Amino acid sequence: MSNVQKTETKFSCALNNKVWVQLCGSFVIVAFSCTVIGIILIIIGLRHKRRQERKMKIYGAAGFVAFVGILCLLIALVFFPIMFIREMHERGKDKWFFGWSYGVAWGAFFFLTSAAILLMCDRKREELFYKESLYINNDDEDILENQDVKIKTLKR
């Protein structure tokens, strides 16, 4: 028999209950949602084959939603370290660091920004379509009639 006592240890972080942490998390969730909606709109635009104007409106909406998501992510990425540094300074802690996920978030920001810019720059280039229209000019009919007359007169 051993004399081991069971102790419950509760781990908690005082930062999780701060309003600014929850606000930054909300901005990241909005950014993620906007990214997913933008991807869905781009897929709908790629599969749309009927009207070119509607396709361009769908691409424009996807670009707008993507830029809203990028803006929300940028706000969270700038606001979080400002408040975190202030919090650590108030606690008197000199040694602290950001985790790897903060770097991944900056990478996501740059990739999302690049994708949105490329979508807006190249959206009309690949979407070429040709439309034929029949144009009747009365002057052309007169020319044809005169040619027929000349041909008839030459045969005589």
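Residues numbered from 1 in each chain as written. Predicted model: local features only at pLDDT ≥ 70, side-chain atom pairs only at ≥ 80, totals over all residues. Heavy atoms only, no water.

Colleague: Pulling in residues and values, what's your account of helix α2 (residues 52–91)?
Modeller: The periodicity of an α-helix, 3.6 residues per turn, causes residues three or four positions apart to be oriented the same way. Given a rise of 1.5 Å per residue, 40 residues ought to cover 58 Å, and the 59 Å separating the end C-alpha atoms of α2 matches this to within 8%. Immediately beyond the C-terminal end of α2, within one or two residues, lies glycine 92, with a positive phi of roughly 80°. (Helix = DSSP H or I, 4+ residues; strand = E, 2+ residues; numbered from the N terminus. Expected span 1.5 Å × (residues − 1).)

Colleague: Quick one: what's the story with the nonpolar core, residue by residue and with numbers?
Modeller: With 8 residues, the main nonpolar core is built from Ala31, Ile70, Cys72, Leu73, Leu77, Tyr102, Phe109 and Ala116. Elements supplying a minimum of two residues to this core: α2 and α3 (100–122). When near neighbours in sequence (up to four residues on either side) are disregarded, leucine 77 contacts Tyr102, Ala105, Trp106 and Phe109. The next biggest cluster of nonpolar side chains, apart from the first, holds 5 residues, and it includes Trp20, Val21, Met83 and Met88. (Core = buried A, V, L, I, M, F, W, Y, C linked by side-chain atoms within 4.5 Å. Buried < 20%, exposed > 50% of the residue type's maximum accessible area, 1.4 Å probe, protein only. Contact = heavy atoms within 4.5 Å.)

Colleague: Account for a nonpolar patch on the surface, naming residues and giving values.
Modeller: A cluster of nonpolar residues, Leu71, Leu74, Ile75, Val78 and Ile82, forms a patch on the protein surface that exposes about 390 Å² of accessible area. Its place among the elements puts valine 78 in helix α2. Valine 78 gets classed as partly exposed once you look at its relative accessible area, which sits at 39%. (Patch = residues over 30% accessible without salt bridge, like charges linked within 9 Å, V, L, I, M, F, W, Y side chains within 5 Å. Areas by Shrake-Rupley, 256 points an atom, 1.4 Å probe, with all protein chains shown as cover. Salt bridge = Lys/Arg side-chain N within 4 Å of Asp/Glu carboxyl O.)

Colleague: Explain helix α1 (residues 19–47) to me, using residue names and the numbers behind them.
Modeller: Taking 1.5 Å per residue, 29 residues should reach 42 Å; α1 reaches 42 Å between its end C-alpha atoms and fits that length. All buried positions along α1 are accounted for by Trp20, Val21, Cys24, Ala31, Cys34, Thr35, Gly38 and Gly45.

Colleague: Account for the environment of isoleucine 58, with residues named and values stated.
Modeller: Relative to the elements of secondary structure, isoleucine 58 occurs in helix α2. C-alpha of isoleucine 58 to C-alpha of histidine 48: the two residues are 10 residues apart in sequence and 9.3 Å apart in space. If we skip the residues at most four places from it in the chain, isoleucine 58 touches Leu41, Ile44, Gly45 and His48.

Colleague: Explain the layout of surface pockets to me, using residue names and the numbers behind them.
Modeller: Of the pockets and cavities examined, the largest pocket occupies roughly 440 Å³. Contributing to the lining of the largest pocket are 20 residues, with Val28, Leu73, Leu77, Ser101 and Ala105 lying nearest its centre. Every element with two or more residues in the lining of the largest pocket is listed here: α1, α2 and α3. The dominant element in the lining of the largest pocket, judged by the number of residues it contributes, is α1, at 7 residues. Put simply, the second largest pocket is a space of about 170 Å³. What lines the second largest pocket is simply Cys34, Thr35, Gly38, Ile39, Ile42, Ala62, Ala66, Leu112, Ala115, Ala116 and Leu119. Counting only elements with at least two residues in the lining of the second largest pocket, the list comes to α1, α2 and α3. Here the lining of the second largest pocket gets 5 residues from one element, more than from any other, and that element is α1. (1 Å grid on protein atoms, 1.4 Å probe; cavity = no way out; pocket = protein on both sides within 12 Å on 5 of 7 lines; lining within 4 Å. Points joined across faces, edges and corners; volume = space filled by probe spheres on them.)

Colleague: Account for the packing of α1 against α2, naming residues and giving values.
Modeller: Close contact between α1 and α2 brings their axes to 8 Å; oriented N to C, the two are set at 160°. By the angle between their directions, the pair α1 and α2 is classed as roughly antiparallel. Considering only the axes of α1 and α2, their crossing is left-handed. Taken together, the residues of the contact of α1 with α2 sort by class into 27 nonpolar, 3 polar and 2 charged. (Axes fitted to C-alpha atoms, helices over the stretch in contact; angles between N-to-C directions. Parallel < 35°, antiparallel > 145°, perpendicular 65-115°, else oblique. Left-handed = near helix turned anticlockwise from the far one by under 90°. Nonpolar A, V, L, I, M, F, W, Y, C, P; charged D, E, K, R; others polar.)

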